[in-house]
Amino acid sequence: MSKKYVIRLLIWFLLVVILSIFTYYNKVLFINPLNQSITDLEQKEKIQLSTLEDINNKIFEYNLKLYDDNTIKQMIPDEYDENETLQFFVYRPINLAEAKLLGINTEDVMPENINWSNSKSDDGVMAKKIMITFEIQDMSNLSTFIDELAESVRCVYFGNINFTLPGEKGLISTETKIKITMDYYLFYMKPTS
């Protein structure tokens, strides 16, 4: 074999070895950690979705049993106090849930799908709809927010709740906060005069 062919063979052999080593380290250093990160994100999303389902069930059960309670009239104050509402039914739950408030809006409207029990009457009962948007770090914080409202002595009815998870719509994101948009209703009695 001529010297020329031996040199070519050696060069090809070295190129194959170098490319093999480069491919191996590329896989170890970049591809495996990326795959692990994607797997971790998928696992975290599954846990969050399971928690969301539990929260939705909790809200449904709370709304369902609240209006069968005989003490409903005791849970509705005689008048609406905006300062009290903001303090105890917006800012306090936000702080306890370690959330960041993004927006709040209120409106005088009665929920359409409320099921007052037969023994109760909604005569004289008015509602204030609170529409709130906030960010939380963890789903357990959302549960804390909802528990704070549900355990209050005030009659609260939960309406819609929407979630935007980090990396939703197939995008990989380094953002870890969950954006929540929800509305709930606080009741009060219509002034008699």
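Fair warning: this is a prediction, and the values are worked out from it, not measured in the lab.

A. Focus on the overall build of the chain. Within the chain, the secondary structure is distributed over three helices and four strands. Walking the chain from its N terminus toward its C terminus, one meets helices and strands in the order α-α-β-β-α-β-β. In the chain, buried positions account for 30% of the 193 residues. Pairs at least 24 apart in sequence give 79% of the contacts found in the chain among residues at least 6 apart. Summing over all exposed atoms, the chain offers an accessible surface of approximately 13,000 Å²; the carbon and sulfur share of this is 55%.

B. Layout of the pattern of salt bridges. Throughout the structure, instances matching the rule amount to three salt bridges. Between Lys 58 and Asp 147 there is a salt bridge, and its shortest N-O distance comes to 2.8 Å. Here Lys 58 is found in helix α1 (residues 3-66), whereas its partner Asp 147 is found in helix α3 (residues 139-150), with 89 residues between them in sequence. Exposure remark for Lys 58: the relative accessible area of 32% places this residue in the partly exposed category. Asp 108 is paired through a salt bridge with Lys 128; the nearest N and O atoms lie 2.9 Å apart. You can see Asp 108 sitting in strand β1 (residues 100-108) and its partner Lys 128 sitting in strand β2 (residues 125-136), a full 20 residues away along the chain.

C. Broad picture of helix α2 (residues 82-96). Taking 1.5 Å as the rise per residue, α2 with 15 residues should run 21 Å; its terminal C-alpha atoms sit 20 Å apart, in good agreement. Packing partners of the buried residues in α2 comprise β1, β2, α3, β3 (156-164) and β4 (178-189). Trailing α2 by a residue or two, Glu 98 shows a phi angle of about 50°, which is positive.

D. Seen up close, the sheet that holds β2. A sheet is described by the order of its strands in space; here four strands give the open sequence β1-β2-β4-β3, paired in antiparallel fashion. If you trace the sheet from one side to the other, it starts and ends with β1 and β3, each paired once. Ignoring which end each strand starts from, the neighbouring axes of this sheet average 15° apart. Two strands pair when backbone bridges link them, and β3 and β4 are joined in this way by seven bridges, in the antiparallel orientation. Among the inter-strand pairings, Thr 164 is bridged to a residue of β4, identified as Lys 179. Across the sheet, α3 is in contact with β2, β3 and β4; its angle to β3 comes to roughly 165°.

E. The packing of α2 against α3, seen in detail. With their axes 8 Å apart at the nearest point, α2 and α3 run at an angle of 140° to one another. In terms of axis orientation, α2 runs oblique to α3. Here α2 runs over α3; the crossing is right-handed. The residues of α3 that touch α2, namely those facing Phe 89, Val 90, Arg 92, Pro 93, Ile 94 and Leu 96, are Thr 144, Phe 145, Glu 148 and Leu 149. Of the residues that constitute the contact of α2 with α3, the class distribution is seven nonpolar, one polar and two charged.

Rules used throughout
- Residues numbered from 1 in each chain as written.
- Predicted model: local features only at pLDDT ≥ 70, side-chain atom pairs only at ≥ 80, totals over all residues.
- Heavy atoms only, no water.
- Helix = DSSP H or I, 4+ residues; strand = E, 2+ residues; numbered from the N terminus.
- Buried < 20%, exposed > 50% of the residue type's maximum accessible area, 1.4 Å probe, protein only.
- Contact = heavy atoms within 4.5 Å.
- Areas by Shrake-Rupley, 256 points an atom, 1.4 Å probe, with all protein chains shown as cover.
- Salt bridge = Lys/Arg side-chain N within 4 Å of Asp/Glu carboxyl O.
- Expected span 1.5 Å × (residues − 1).
- Pairing = 2+ DSSP bridges.
- Axes fitted to C-alpha atoms, helices over the stretch in contact; angles between N-to-C directions.
- Parallel < 35°, antiparallel > 145°, perpendicular 65-115°, else oblique.
- Left-handed = near helix turned anticlockwise from the far one by under 90°.
- Nonpolar A, V, L, I, M, F, W, Y, C, P; charged D, E, K, R; others polar.

By themselves, these are just geometric observations and shouldn't be taken as functional.
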